[in-house]
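Structural description and commentary
Spelled out from the first residue to the last, the chains are:
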Amino acid sequence: MLGSAPGLSGRWERLEPPRPRARMLRQVLHAGLRTSFHALGRFVASHPVFFASAPVLISILLGASFSRYRVEEDVESLLAPKHSLAKIEGNLVDSLFPVNRSKHALYSDLQTPGRYGRVIVTTRKGSVLDPVHLDTILKLHKRIYQMQVTVPATGVNSFNYSFSYLCLPDDKNVCIIDDIIRAMEEIQAARASNASVPLLRYPITQLADGRQAYIGHQLGGVQGWGPGGALRVQGTGAGAKGEGVRSARALQLTYYLQARGGLMDRVAGQWEKAFCAELQRFAAMHPKLGLYPSTSSSLRTDFQFSSVLAHQPLLASLGACGVLAVLCCSMRDCVRSKPWLGLLALLSITLSGLTAAGILNLTGATYNSTYLGIPFVMLGHGLFGSFEMLSSWRRTREDQHVKERVASVFEDVMLRFSGSTMLHLMTLGLAASPLTNMEAVRLFCRTAALAVTISYVYMLSFYSSCLVFTGYLETGYRHGCFCRRVPKPDRLDSKPAWYRCLMYTRYQDEAPAGNPPPPPPHGVGVGHAHTPNSNLTHTHTPPQPHPHPHPHPNPNPHPHPNPNPHPHPNPHPHVANHPVGDGHVTNSTMHPHLHPHVHPTAITDPNPQDSHLLLGCVRRCYGDWITNTYVKPFVVLLYLVYISFGLMGFLQVTQGSDPSALVAMDTATVLYTRAQQRYFSSYSPVIGFYIYESAPYWNASVQRDLLEYAKGFQRISWLEAYLNYLSDRNQSTSQPRENFTGTLRHAFLREPRFAHFADDIIFAERGPGEEPDVAASRIFLVAKTTENKREEMSVLLDTLRRLSLTSRVRFLIFNPSFVYLDRYAAAVSSPLRHSLLAVLFLLGLSSLAVVEPLVSVWLGLTLLSVQFGVLGFMTLWGVELDCMSVLCLISALGHSADCSGPLLCGFSSGRGDSRTRWVRVALERHGVPSLQTLVCYGAALVPVGSVRSNLTHTLFRCLALTAGCSALHTLAFLPTLLTFLPPSKSRGARPDGEAQRQEVECVEMNDSTRVVDQITTV
């Protein structure tokens, strides 16, 4: 009927059946959110100067707060579990036996006073007990003992402080020094007097005053004399019964300082610096000795030194990322190419980082080296948003005003970008909650959440304003790089070839030959406030019929970039027969239910010279290849291999509780730790066995229990020495309390060889005329260890704690390293578990009202698969599960959601046609921005891998694996699996004759000024 009228064209469209009521809530929410973002986009496009200048001014103002920049000094509070039993036990031990009240002996790996200096001396050849080396070491000890520091450095009130003024004194007001120094002085004196050299035993030796001293942590690399004079090497039984020492390769000396106040603490800090400088000078004068110093501030200095080393690599990362971002935003068409947007995206991320840092400075927060990972969290999320916006901009209609194009970009992208931002904030926010027991993880996630929030706001304001400005440049046909107006083809023909290549563009009046314009989308008015751009799809959802034709509202008097007043040869340039062109589609968001029946068109490009390089590769090559029937089995096999290796690594995950694994390489902490592991790994650190309640020590059964607990350890026990003392005097060890305590106080502790045990016993008065009770006491235990020293210490800690729960004697065990070992695995892994469960819960909850359920299921499975792969492969790469790797795993949740979420939503948005066709469409629309993000992100990671730091190596490996696993899932695994797994593309299809479309007539009426779409009824 109407189809036969001249000048009118029409076709029949199938009437859409009513949608299920279950989707009504999602549709209402989607429509409201999209309308809101459309209005926000128009508002930003109407005030671009304000939204571009405000973030810059705020960043400059907040950047001035760097005068308040402070660095975290308490590394233990960062890397150790915040709430642990070991910290409670440490406080109890310090209240009972404070180190400042020890008057005889200290154990360098048991007591950790505020300040100390420590050095390991090794020999290149020979033994440290050789006469030459022994004299040199004692000379070094004398120089350190006499070393002085001047505080303040200049001025009338300057004073010289020596070690004798700063040290911890004993009961004779003499500095407490290591027992090995006394033993070496005895050996030197015997050699000087040609007397017999006293036998030095290992690990417990006897000094000249008859006192037994443990030197297992002071003498290392020991070779002892076995039975019959046979040589016995350390670790094969040497020292089990105190055999004599034949030679030793290493020696450890510790110098304890006391910090009684602010001034003394500053003096002690200056002494530590002078201590390290003196050792460097001494090592230069004695090249046959190797010196490895360590002080109380070494761990903090070396931990923060990673940030200093990463300054230049971070700048190189920014430069490399900027170059690739410019290339990713460039096209052959110089007008539609937008290279500056790549740099402006990085500038937006930089400004958001500067703003977040300013807020931290103003709030008094401190910095630490784990914050090196925050720029990469911001970079991955910000680049994803910027490339998605640019891709959406290229799909908008060029004949629209810039404001309408920006509004269409917001309507298409911001719902998806906001969803991924919510995932980031959910994962980081829960890890930053009080549920997290690791302070470094909590601070990192809190700061990263703040940075991501500001980056999101700046992407909506600053970057969107830059997109508006470049849109006006495109409307005026100005060069995307030089901002110069591009001449028309008739004037460009007379220019040189290089000039024509540089200024190449396509004016809209150049209609592509041999490709007639396809019909417009049916049922959609061109001038509607929310104009769907349908270059990718034809939408068959019928709108409400309009009784009268409505004219096309034109907010811009010159909507076309073409300055000619003649009508465009193609009345609908936004409609093309290829998925990615100059038009725009509104159905590709994270909420794909506004257009339930969408059909992709033929993939033909009328202007192949305008296509982006990566887009052309994906459209013409990769999309067809990855969906090829013969390629799919190999991709599935690759995924099975991926899962297999991930499982192999997952079963070998180890915890990394050693703080030295997070410091810069070639520093004092690393060198000292390596020397200690090499020469002092045969015995565990000294473990304090503390009996913190009064116990009947005179009872024979209690004595047997305590001796049984210490059985199998090398031990320094006042109880065992006292029982042997009573046995040697033919006295019973089971005596009444008064006799037992009286002999202990008035006879045993007054003998010089047992006087040092007075530091290990606390007496409590009972009443006048009565012997006091032993209120608390301690003994020292040392266990034989192998190479897995920290793992064995963790097992030993758990074993003795379980024993303390069933023992009649109330005791606890403590060593400073227990602060890092105690429940470390649970403290490190709990933020990751909480974040993962929160994301899955959010996806499940959103599927009820926001996201299609199948999209939530697919996205949740993808996040689990990426996390599983990253965790497994990082273990195979030699990365332990420490706080830095857990931080990367938490951020990987958001990164993988950024990459795979849009692809899944784009695929699930369509109905009808084949799965393969929709996979190709989703790859073209969302796979290309994800690929651009991954390319720039990977280039930014490369310089970080060159930093000589254990922390940055862990960061580089985990983030590189995150990017690689996300790329595999987005570009290979998901496109293949979606071709034969749900969601179905034939939902609502009817068989046989019922599948024929019933169409309403869409009448196009053309005149000389505008195009009017009129919907008529039949």
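Residues numbered from 1 in each chain as written. Predicted model: local features only at pLDDT ≥ 70, side-chain atom pairs only at ≥ 80, totals over all residues. Heavy atoms only, no water.

The next subject is the packing of aromatic side chains. In this structure the tally under the stated criterion is 35 aromatic pairs. Each ring, one from tyrosine 202 and one from tyrosine 683, has its centre 5.8 Å from the other, and the planes form 65 degrees; the classification is edge-to-face. With tyrosine 202 in the loop between helix H7 (179–192) and strand S4 (204–206) and tyrosine 683 in the loop between helix H19 (668–679) and strand S12 (687–691), this residue pair connects regions lying 481 residues apart in the sequence. Owing to a relative accessible area of 2%, tyrosine 202 belongs among the buried residues under this scheme. Tyrosine 683 gets classed as buried once you look at its relative accessible area, which sits at 4%. Of note, arginine 405 hangs over the ring of tryptophan 393, and the distance from its end group to the ring centre comes to 4.0 Å. A cation over a ring is seen here: lysine 784 above tyrosine 683, with NZ or CZ 4.7 Å from the ring centre. (Phe/Tyr/Trp six-rings, centres within 6.5 Å; stacked < 30°, edge-to-face > 60°. Helix = DSSP H or I, 4+ residues; strand = E, 2+ residues; numbered from the N terminus. Buried < 20%, exposed > 50% of the residue type's maximum accessible area, 1.4 Å probe, protein only. Lys NZ or Arg CZ within 6 Å of the ring centre and 35° of its normal.)

What follows covers helix H12 (residues 374–394). Taking 1.5 Å per residue, 21 residues should reach 30 Å; H12 reaches 31 Å between its end C-alpha atoms and fits that length. For H12, the tally of buried residues reaches 20 of 21 residues, placing the bulk of the element in the interior. (Expected span 1.5 Å × (residues − 1).)

Looking now at the nonpolar core. Grouped together as the largest cluster of nonpolar side chains are 230 residues, with contacts concentrated most on Leu219 and Trp271. Looking at this core element by element, the count peaks at 19 residues for helix H14 (residues 439–475). If you look at the next biggest cluster of nonpolar residues, it comprises eight residues, including Cys334, Tyr477, Leu492 and Met503. (Core = buried A, V, L, I, M, F, W, Y, C linked by side-chain atoms within 4.5 Å.)

Here we take up the side chain of aspartate 898. Examined against the element boundaries, aspartate 898 turns out to sit in helix H27 (residues 883–908). For the buried aspartate 898, no salt bridge exists, and the shortest N-O distance to an oppositely charged side chain is 9.3 Å, to arginine 416. Only 3.3 Å separates the side chain of aspartate 898 from the side chain of serine 420, close enough to count as a polar contact. Here the side chain of aspartate 898 touches histidine 424 through a polar contact of 2.9 Å, side chain to side chain. Not counting residues within four places of it along the chain, the set of residues in contact with aspartate 898 comprises Gly380, His381, Phe384, Ser420, His424 and Ser930. (Lys, Arg positive; Asp, Glu negative; His and termini not counted. Salt bridge = Lys/Arg side-chain N within 4 Å of Asp/Glu carboxyl O. Polar contact = N/O pair within 3.5 Å; in protein donor to acceptor, adjacent residues only side chain to side chain. Contact = heavy atoms within 4.5 Å.)

Bringing the packing of helix H5 (residues 131–146) against helix H8 (residues 262–285) into the picture now. Angle between the axes and distance between the axes are the two parameters that describe a pair of packed helices. Axis separation between H5 and H8 bottoms out at 11 Å; the angle between their running directions is 150 degrees. Classified by the interaxial angle, the pair formed by H5 and H8 is roughly antiparallel. Where H5 crosses over H8, the two elements pack in a sense that is right-handed. Residues Thr136, Leu140, Arg143 and Ile144 of H5 touch H8, and the partners they reach there are Trp271, Phe275, Glu278, Leu279, Phe282 and Met285. For the contact of H5 with H8, the residue count by class is seven nonpolar, one polar and two charged. (Axes fitted to C-alpha atoms, helices over the stretch in contact; angles between N-to-C directions. Parallel < 35°, antiparallel > 145°, perpendicular 65-115°, else oblique. Left-handed = near helix turned anticlockwise from the far one by under 90°. Nonpolar A, V, L, I, M, F, W, Y, C, P; charged D, E, K, R; others polar.)

What follows covers the packing of helix H10 (residues 311–328) against helix H11 (residues 339–362). Interhelical geometry of H10 versus H11 gives an angle of 145 degrees and a closest axis separation of 7 Å. In this structure, the crossing between H10 and H11 has a hand that is right-handed. Listed contacts from H11 to Leu318, Cys321, Gly322, Ala325 and Val326 of H10 are Pro339, Gly342, Leu343, Leu346 and Thr350. For the contact of H10 with H11, the per-class residue count stands at seven nonpolar, three polar and no charged.

This part takes up the state of the cysteines. In total, this model carries one disulfide according to the counting rule given. The disulfide bridge from cysteine 167 ends at cysteine 175, spanning 1.9 Å between sulfur atoms. Looking along the S-S bond of the cysteine 167-cysteine 175 disulfide, the torsion reads about -70 degrees, which is the left-handed sense. Here cysteine 167 matches cysteine 175 in class, with each residue buried. Unpaired in terms of disulfides, cysteine 883 finds its nearest cysteine sulfur in cysteine 888, a separation of 9.7 Å. (Disulfide = S-S within 2.5 Å.)

In this section: the pattern of salt bridges. Under the definition given, this model contains 32 salt bridges. A salt bridge links arginine 801 to glutamate 89; the shortest N-O distance between them is 3.1 Å. Remark: glutamate 89 occurs in helix H4 (residues 85–96) and arginine 801 occurs in helix H23 (residues 789–806); sequence separation between them is 712 residues. Just as arginine 801 is buried, glutamate 89 falls in that class too. A salt bridge links aspartate 333 to arginine 336, with the shortest nitrogen-to-oxygen separation between them at 2.6 Å. You'll find aspartate 333 and arginine 336 in the same group, each marked buried. One network of salt bridges, with partners in common, ties together Glu388, Arg395, Asp412, Arg416 and Arg925.

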